[in-house]
Amino acid sequence: MFITFEGIDGCGKSTQLSRFAKTLKETGISLVVTKEPGGTEIGQAIREILLHVDNNHIVPLAELFLYEADRAQHVSEVIKPALEAGKWVVCDRYFDATTVYQGMVLGQHEELIELLNNEASLGCQPDITFLLDCPAEIGLERIEKRYNNDKKKDRFERKTLNFHIKIRYAYLALANKHKDRFKIIDSTLPEDQVARKIREIISPYLPEKG
């Protein structure tokens, strides 16, 4: 199984992914937990470029190519080998994030992004994508509480409320387009309730105890 977590900044996906991974491990599933960008050593260097606050002048097309370069390395080095070995892969963001951020919101051509996503992913498509959804205002409030000052925020976390609103609705539109794969979770609910809803969705795929 290949499972991805998506959502706006501050939606709680990283927290829920961590809890989800713990649940899988407790059932005895062999898994790899990873992220984009930055799931490899090369990816970490790319992540630093993409998220550094001093790189606001990066042009959208260069940004797109960097994300796809990270993905190509990530899939080849981590995701594809793990899946071929029979392991589950749980990833914090994947190609849907590129479709939303660089495509639907930042305006890169949809056909180009689809082509690059397909090439970089080497056919590795998520089986389930959990979209942790909440209003952008709540996401930004959570980011403010997470950090003591603005210096710790990355380049995207510093963007305007309007930008994050656009990201949220782009995700919802994409989820509506791919209803078979996306599972929308209301992440304004208490953390335990969100984790429970995710567990209910994945339960049919878990091995039976005993």
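Owing to the predicted nature of the structure, the values given are computational and were not obtained by experimental measurement.

**Student:** Residues and numbers for the pairing of strand 3 (residues 88–92), please.
**Tutor:** Counting buried positions along strand 3 yields 5 of 5 residues, so the element is predominantly enclosed. Burial of the side chains of strand 3 extends over both faces: Trp 88, Val 90 and Asp 92 are buried on one face and Val 89 and Cys 91 on the other. Sheet topology note: the strand 1 (residues 2–6)/strand 3 ladder contains 4 bridges and is parallel. Bridge pairing in strand 3 links Thr 4 to Cys 91. Note: strand 2 (residues 31–35) against strand 3, 5 bridges, orientation parallel. Counted as the bridge partner of Leu 31 is Trp 88 from strand 3.

**Student:** Explain the nonpolar core residue by residue, including any values.
**Tutor:** If you look at the biggest cluster of nonpolar residues, it comprises 39 residues, and the most contacted ones within it are Phe 5, Phe 20 and Phe 130. Among the elements that line this core, the one with the most residues is helix 7 (residues 161–177), at 6 residues. Contacts of Phe 5, omitting those with residues within four sequence positions, involve Lys 13, Gln 16, Leu 17, Phe 20, Val 90, Cys 91, Asp 92, Arg 93, Phe 130, Leu 132 and Ile 198.

**Student:** Run through the environment of Glu 119, naming residues and quoting values.
**Tutor:** Relative to the assigned elements, Glu 119 resides in helix 5 (residues 110–121). Expressed as a C-alpha distance, the spacing of Glu 119 and His 109, which sit 10 residues apart in the sequence, is 16 Å.

**Student:** Lay out the pattern of salt bridges with the relevant residues and their values.
**Tutor:** Considering all chains together, one arrives at 13 salt bridges under this definition. Notably, a salt bridge pairs Asp 92 with Lys 13, separated by 2.5 Å at the nearest N-O pair. With Asp 92 in strand 3 and Lys 13 in helix 1 (residues 13–26), the pair connects residues that are 79 residues apart, well separated along the chain. Both residues of the pair, Asp 92 and Lys 13, belong to the buried class. Where Glu 144 meets Lys 153, a salt bridge forms, and the shortest distance between an N and an O atom there is 2.3 Å. Glu 144 sits in the partly exposed class, given a relative accessible area of 45%. On the basis of relative accessibility, which here comes to 7%, the residue Lys 153 falls in the buried class. Via salt bridges that share partners, Glu 6, Asp 9 and Arg 93 belong to a single interconnected network.

**Student:** Explain helix 2 (residues 41–51) to me, using residue names and the numbers behind them.
**Tutor:** Within the span of helix 2, buried status applies to Gly 43, Ile 46, Leu 50 and Leu 51. Buried residues of helix 2, seen end-on, are gathered within an arc of 115° and therefore sit on one face of the element. On its buried side, helix 2 packs onto helix 3 (60–84).

About the thresholds
Residues numbered from 1 in each chain as written. Predicted model: local features only at pLDDT ≥ 70, side-chain atom pairs only at ≥ 80, totals over all residues. Heavy atoms only, no water. Buried < 20%, exposed > 50% of the residue type's maximum accessible area, 1.4 Å probe, protein only. Helix = DSSP H or I, 4+ residues; strand = E, 2+ residues; numbered from the N terminus. Pairing = 2+ DSSP bridges. Core = buried A, V, L, I, M, F, W, Y, C linked by side-chain atoms within 4.5 Å. Contact = heavy atoms within 4.5 Å. Salt bridge = Lys/Arg side-chain N within 4 Å of Asp/Glu carboxyl O. Arc of directions from axis to C-beta.

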